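# Notes for the structure review
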Amino acid sequence: MELTGLSTDQAPPISAPVRFFLTAPLFGVLAGLLIFFTDASTLMNRYSIESIVITHAITIGFLSFIMLGSMTQMLPVLAGAKMPKVGLVTKYSYILMVVGVISMLAGLLTSNTTLNIIAFIGLGSGFLIMLSATALSLKTVSNFNATVKGISTSIVFAFFIVLMGLYLLYSYISNDINSTHIIVANVHSVWAVFGFAVILIIGVTFQVLPMFYVAPKFKAFCKKRVVWLISTGLIIWLLLSAFYEEYTLFGKLWIAMFVWAFATTVWLKLSKRRRPISDVTVWYWRSASIFLTLGSFLWIFDEYFKHEYIVMVAILIGGFILSIIIGMLYKIVPFLVWFHLNAMGYMSIPTINEMINKRVAQAQFILFIASLIGFIFSFYMPDLLKVSALSFTISMILLEYNVIAPVLVYLKTKKTKPDFDMSMFEAQKELR
Amino acid sequence: MNTIKEFLSTDHSRCDEIFAVMEEKAGDSLADAKVVCQEFKDEMERHFQMEERVMFLEFETKTGMTQGPTAMMRQEHAQMRTLMQQMIEAIDANNKDKFFGLSETLMILLQQHNMKEEQMLYPMAQQHLAADSERIVSMMESLIVE
């Protein structure tokens with residue numbers, strides 16, 4: 001009986017998602033250090049090179065790495081979709097994306113055209129390979145439920161975001177930053193946040209929240225319409241921004257209303273969950289819900305203040321996406337380690353709670369939240385920026401530690417082979 | 001009439017509810033949770049046997065797939081049986097941390113297992129066994145756990 005075949009058949013090799021998870025917090029650390037060494041007034045301007053570089057260290061280096069990496073793991077479970085040649089695809093797109101994002105950050109900071117060209121090729125090919133592989137695997141899905149629809153919609157937006165991003169990077173290479181650049185940059189950022197990240201999270205939440213916390217299921221209206229309504233809102237907003245700029249507020253209101261409704265629903269479902277546990281992942285769901293609510297409201301009010309608060313909006317909504325992603329990492333990494341080891345026949349493996357030190361996870365959460373609150377108040381008290389950046393950097397170092405810890409358990413168990421117990425499988429054979 | 005998919009999906013939710021009650025009780029006192037933990041284990045065993053001794057067999061006979069999705073699901077059932085036994089042992093040893101570590105591990109394993117069944121296996125089974133759906137559901141309902 002091919003035992004390892006059973007598990008590798010249903011799940012990709014553990015290295016496929018884990019290489020992304022191990023790298024992502026390092027970009028978080030880099031972002032924290034860059035904030036530390038940058039002046040508060042420079043960061044107030046969303047179009048300053050420093051702001052763009054820091055934003056992309058987080059959005060590409062941290063968020064997209066984890067989101068795309070976890071897709072390799074989630075698609076087989078949530079949708080029965082298997083990514084073609086998952087080992088090869090993730091390996092090469094990972095290398096291309098790492099080289100691409102580092103070159104981009106360095107290239108933009110130093111205005112180095114060669115680095116920007118390398119970034120253009122690396123990020124363009126890396127993202128397009130990964131997204132195409134994900135899209136191809138989604139084509140094979142037969143049971144197209146709300147979660148799969150959400151993921152598919154977010155992948156469509158992701159293609160547009162990448163193409164717009166490449167156009168923006170090309171403007172730096174050709175040294176031609178014109179008015180179209182500003183319009184595309186605005187659409188690129190809004191679609192990336194709401195079209196890719198928020199819609200992807202909504203799709204996955206429909207499934208994950210009721211199941212893992214035994215919370216009430218989402219209503220059929222919510223599951224059927226919300227993704228569609230937000231997508232329509234994003235297209236309306238795009239058309240208004242392009243042709244009737246004075247009416248963009250209506251597009252924003254449309255998007256913000258449904259996003260806020262989602263944030264509130266998450267809070268309520270969580271309050272009605274049947275499982276009594278309240279671990280750091282529940283705290284992250286709560287903080288995500290608060291950040292998203294505040295962020296979507298401020299995005300509307302920002303319209304009346306001539307976009308003075310757009311960076312604050314970015315911090316709040318970024319706080320929402322980061323909260324969800326970090327909370328998810330705390331569940332997924334130890335589980336993957338446990339699942340792969342158990343499927344190989346190792347029986348006395350630490351439980352998933354034992355793989356990550358609870359106190360370190362709590363410290364990581366507190367430092368992370370404190371840093372975001374600090375970033376917001378540093379608008380009024382610029383002195384707060386440095387200490388907040390430090391807090392953010394340490395929280396990312398702790399996160400890296402918390403991701404490495406389970407991976408070390410995996411490596412150590414495989415190396416020392418404490419107990420290779422086949423009896424469970426023998427018993428199974430007899431039962432059949 | 002319940003379809004195979006509806007019948008077994010509803011049973012998943014029923015087991016989840018017992019799981020939640022068990023954790024709640026265990027939070028107050030581990031010793032008090034033993035009865036409900038045993039109940040949870042028994043109900044899960046019943047669910048596993050409804051699948052392994054009835055639905056999976058019918059599916060395997062009809063499709064000829066014995067090493068496909070049902071083999072994977074059987075393996076995960078075995079993993080869960082071991083975890084539930086360890087949970088009972090943790091209660092006997094009055095080790096709360098161990099118990100909650102195991103219950104969290106079981107919860108994630110269980111839910112990703114349920115997702116795979118509800119998203120893939122049950123719709124496939126329903127498709128292949130539609131004509132016999134009523135008979136299979138009634139066989140599962142009347143199953144006596146071994």
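Residues numbered from 1 in each chain as written. Chains lettered and ligands numbered in written order. Predicted model: local features only at pLDDT ≥ 70, side-chain atom pairs only at ≥ 80, totals over all residues.

## Brief notes about the overall build of chain A
Quick reminder of the rule: The helix count covers DSSP runs of H or I at least four residues long, the strand count covers runs of E at least two residues long, and both are numbered beginning at the N terminus. C-alpha atoms define the radius of gyration, and 2.2 Å times the number of residues to the power 0.38 defines the globule rule. Any two residues are considered in contact once their C-beta atoms, placed from the backbone, lie within 7 Å.
Helix and strand content of chain A: 16 helices and zero strands. Taking 2.2 N^0.38 as the reference for a compact globule, 432 residues should give roughly 22 Å; the C-alpha atoms of chain A span a radius of gyration of 22 Å, in line with that estimate. Long-range contacts, defined here as pairs at least 24 residues apart, represent 76% of the contacts in chain A between residues at least 6 apart.

## Here's the deal with the overall build of chain B
Secondary structure assignment for chain B yields five helices and zero strands. What you see in chain B, going N to C, is helices and strands ordered as α-α-α-α-α. For chain B, the C-alpha radius of gyration of 16 Å lies close to 15 Å, the compact-globule estimate for 146 residues. Taking the intrachain contacts of chain B between residues at least 6 apart in sequence as the baseline, contacts between residues at least 24 apart amount to 71%.

## Considerations on unusual backbone geometry
All names here are of chain A. How we decide: Note on burial: count the other C-beta atoms lying within 10 Å of the residue's C-beta; 20 or more is buried, 12 or fewer is exposed, in between is partly exposed, and C-beta positions come from the backbone.
A positive phi angle, close to 45°, is found at Lys85, a residue other than glycine. Residue placement: Lys85 occurs in the loop between α4 (49-78) and α5 (86-110). Judged by the 11 C-beta atoms lying within 10 Å of it, Lys85 is exposed.

## As for helix α6 (residues 113-139) of chain A
All names here are of chain A. How we decide: Helix span, expected: 1.5 Å multiplied by one less than the number of residues in the helix.
With 27 residues, α6 extends 38 Å from end C-alpha to end C-alpha; this agrees with the ideal 39 Å at 1.5 Å per step. Within the sequence span of α6, burial applies to Asn116, Ala119, Phe120, Gly122, Leu123, Gly126, Phe127, Met130, Ala133, Thr134 and Ser137. Residues of α6 that are buried make contact with α4, α5 and α7 (146-173).

## Things to note about the environment of Glu400 of chain A
All names here are of chain A. Along the chain, Glu400 turns up in helix α15 (residues 384-416). Overall, the presence of 19 C-beta atoms within 10 Å leaves Glu400 in the partly exposed class. Ignoring sequence-local partners within four residues, the contact set of Glu400 consists of Pro25 and Leu26.

## Notes on the interface of chain A and chain B
Rules: Classification convention: Asp, Glu, Lys, Arg as charged; Ala, Val, Leu, Ile, Met, Phe, Trp, Tyr, Cys, Pro as nonpolar; all other residues, Gly among them, as polar.
Taken together, the contact pairs 31 residues of chain A with 31 residues of chain B. Residue assignment for the side of chain A that touches chain B shows that the elements contributing at least two residues are α1 (3-10), α4, α8 (179-213), α12 (310-344), α13 (352-355) and α16 (423-431) of chain A. In terms of residues, the side of chain A that touches chain B owes the most to one element, α12 of chain A, which gives five residues. Its residues assigned to classes, the side of chain A that touches chain B comprises 17 nonpolar, eight polar and six charged.

## Some thoughts on the packing of helix α1 (residues 4-28) of chain B against helix α4 (residues 96-129) of chain B
Residue and element names in this part refer to chain B. Worth spelling out the cut-off: Helix axes use the C-alpha atoms of the stretch in contact, all axes being lines fitted to C-alpha atoms, and the angles between their N-to-C directions lie in the range 0 to 180 degrees. Reported orientations rely on four angle classes, namely roughly parallel under 35 degrees, roughly antiparallel over 145, roughly perpendicular from 65 to 115, and oblique for the rest.
With their axes 9 Å apart at the nearest point, α1 and α4 run at an angle of 170° to one another. Between α1 and α4, the interaxial angle falls into the category roughly antiparallel. Mapping the contact onto sequence places Ile4, Lys5, Leu8, Ser9, His12, Phe19, Glu23 and Ala26 in α1 and Phe99, Ser103, Met107, Asn114, Glu118, Tyr122, Pro123, Ala125, Gln126 and Leu129 in α4.

## Overview of the nonpolar core
The cut-off we apply is this: Core membership is restricted to buried Ala, Val, Leu, Ile, Met, Phe, Trp, Tyr and Cys residues, and these are joined into a nonpolar core through C-beta atoms within 7 Å.
Residues Ile66, Ile230, Val259, Ile325 and Leu329 of chain A are the most contacted members of the largest nonpolar core, which totals 157 residues. Residue contributions to this core peak at 23 residues, all from α12 of chain A. Among the nonpolar cores identified, the runner-up in size contains 18 residues, and Val54, Met73, Tyr122 and Val137 of chain B belong to it.

## Things to note about the packing of helix α2 (residues 15-36) of chain A against α5 of chain A
Residue and element names in this part refer to chain A. Put simply, the test is: By definition, turning the near helix anticlockwise from the far helix through less than a right angle yields a left-handed crossing, and turning it clockwise yields a right-handed one.
Contact geometry of α2 with α5 gives a least axis separation of 8 Å together with a crossing angle of 20°. Judged on the interaxial angle alone, α5 and α2 are roughly parallel. The handedness of the crossing between α2 and α5 comes out as left-handed. From α2, Ala16, Arg19, Phe20 and Thr23 reach across to α5, where they touch Val86, Gly87, Thr90, Tyr94 and Val98.

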